[in-house]
Amino acid sequence: MPTDPLLSLRGVSKDFGGGVFGLRDIDLDIARGEFVSLLGPSGCGKTTTLRVIAGFEAPTAGQVLLEGREIGHLPPNRRPVNTVFQDYAVFPHMDVAENVAFGLSVRGTARGEISRRVAQALELVGLADKAKRPVAALSGGQRQRVALARAIICEPQVLLLDEPLSALDASLREQMQVELKALQHRLGTTFVMVTHDQTEALSISDRIAVMSGGQIEQIATPAELYDRPATRFVAGFIGTMNLLGGRATGDGRVAGGGLTLPVEGAGALPAGAPVTLGLRPEDLILVPPGPETAALTVTTTVFHGRSLRVVGHLADGAEVVLDIPRAAAQSLPADGAQAALALRPGAGAILLPA
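Conventions we followed
- Residues numbered from 1 in each chain as written.
- Predicted model: local features only at pLDDT ≥ 70, side-chain atom pairs only at ≥ 80, totals over all residues.
- Heavy atoms only, no water.
- Core = buried A, V, L, I, M, F, W, Y, C linked by side-chain atoms within 4.5 Å.
- Buried < 20%, exposed > 50% of the residue type's maximum accessible area, 1.4 Å probe, protein only.
- Helix = DSSP H or I, 4+ residues; strand = E, 2+ residues; numbered from the N terminus.
- Contact = heavy atoms within 4.5 Å.
- Axes fitted to C-alpha atoms, helices over the stretch in contact; angles between N-to-C directions.
- Parallel < 35°, antiparallel > 145°, perpendicular 65-115°, else oblique.
- Left-handed = near helix turned anticlockwise from the far one by under 90°.
- Nonpolar A, V, L, I, M, F, W, Y, C, P; charged D, E, K, R; others polar.
- Pairing = 2+ DSSP bridges.
- Phe/Tyr/Trp six-rings, centres within 6.5 Å; stacked < 30°, edge-to-face > 60°.
- Lys NZ or Arg CZ within 6 Å of the ring centre and 35° of its normal.

1. What to know about the nonpolar core
Counting residues in hydrophobic clusters, the biggest one holds 36 residues, and the most contacted among them are V100, V118, L148 and L180. Looking at this core, the elements with two or more residues in it are helix 2 (96-107), helix 3 (111-124), helix 4 (140-152), strand 7 (158-162), helix 5 (170-187) and strand 8 (190-195). With near-sequence residues (within four places) excluded, V100 lies in contact with V118, A121, L122, V146, A149, R150 and I153. Within the second largest apolar cluster, 26 residues are counted, among which are V36, V81, V158 and L160.

2. Notes on the packing of helix 4 against helix 5
Helix 5 packs onto helix 4 with a crossing angle of 20 degrees between their chain directions and a minimal axis gap of 11 Å. When the axis of helix 4 is compared with that of helix 5, the two are roughly parallel. Judged by the twist between their axes, the crossing of helix 4 over helix 5 is right-handed. Mapping the contact onto sequence places G141, Q144, R145, L148 and I152 in helix 4 and L172, Q175, M176, E179, L180, L183 and L187 in helix 5. Looking at side-chain class alone, the contact of helix 4 with helix 5 contains seven nonpolar, three polar and two charged residues.

3. Re the sheet that holds strand 17 (residues 307-314)
A sheet is described by the order of its strands in space; here five strands give the open sequence 15-19-16-17-18, paired in antiparallel fashion. Since the sheet does not close on itself, it has two edges, and those belong to strand 15 (284-287) and strand 18 (319-325), each with one partner. Each strand of the sheet is rotated relative to its neighbour by a mean of 50 degrees, with strand direction disregarded. Sheet analysis places strand 16 (residues 294-303) next to strand 17, joined by seven bridges and oriented antiparallel. Along strand 17, the bridge assignment pairs V298 with G312.

4. As for the environment of C154
With respect to the element layout, C154 can be found in the loop between helix 4 and strand 7. In this structure the C-alpha to C-alpha distance between C154 and P80, which are 74 residues apart in sequence, comes to 8.7 Å. With residues up to four places along the chain from it excluded, the contact list for C154 reads N82, G103, L104, R107 and R117.

5. Looking at the packing of aromatic side chains
Using the criterion set out here, one finds four aromatic pairs in the structure. Centroid distance F35 to F191: 5.4 Å. Interplanar angle 50 degrees. Geometry classified as tilted. Of this pair, F35 sits in strand 3 (residues 35-39) while F191 is found in strand 8, placing the two residues 156 residues apart along the sequence. Across the pair, F191 and F35 agree in class, each one buried. Of note, R150 hangs over the ring of F91, and the distance from its end group to the ring centre comes to 5.1 Å. Between the NZ or CZ atom of R280 and the centre of the ring of Y226, over which it lies, the distance is 3.8 Å.

Take it as geometry only, folks, not as evidence of what the structure does.
If you want it as structure tokens, here you go:
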């Protein structure tokens, strides 16, 4: 958590009435210059959080603080915050430069200053040669850049992005992810992005707040979320995770799914305590049967490009998935065959609540 946050939410709740809660007692600190993503399934509260920060929704309870100053009472146009919307919201009757200049024009900024800052913003987003182009003639990626330029030209302290890349095709979306992170790095502006795409969040965020049911399940760096998820929900939502029921053995190990593994944190548990083991697909391997292996019936194998995903069932019926390098494809058992499963040397299992 940032020690000197730029933006803070303190106990923020949003009650829409009729028993429908958008947010439940949210606490969130975001540092100056951070790129934070709000990640979760539909209805989890991420867009409501963004709208509360922007001023489009008034919280039922709690505070919205910017540099320690309460801004919850300010209308959107008086907050040092700008929003880039999912549908870009560019003006089709204006050219690129007119779209980008709109916010400054409304403020009554001098014409020379507007021209200078428009040129600067378009240079930043790679559209310097498109200033007089009608926005209707631009591609989706270019219109997204126009929306970004229009948002940053007013120099907001916080830039909010609501699913900014969801309307783009897959290849352009990946390109824009790289460009968006590079732009944020050059500007040094605090970015807060809403997304339901975990790959997108993992690839460009400094920290990610994973949300469910109007609450934050965990906020951490991408690596920490992936390697040390705090809850079963986060473990299942970030990447692919095999979740196996097990019990502590009392000696720092956990027995589950036919495997008995040393697990960090298990030493504090009494023998027999129920837990859940989290095992990443890339940390599981197929090996000859032995005392440290579990019996596996292979169900199917799916081509994933650089790897093959093997799906199978353990003796207790639990389904597991493994990601196997293509180099090992020739030695893979056929669908329906018996195999043995083990944890890759050097890998670790994740201990989660039962």
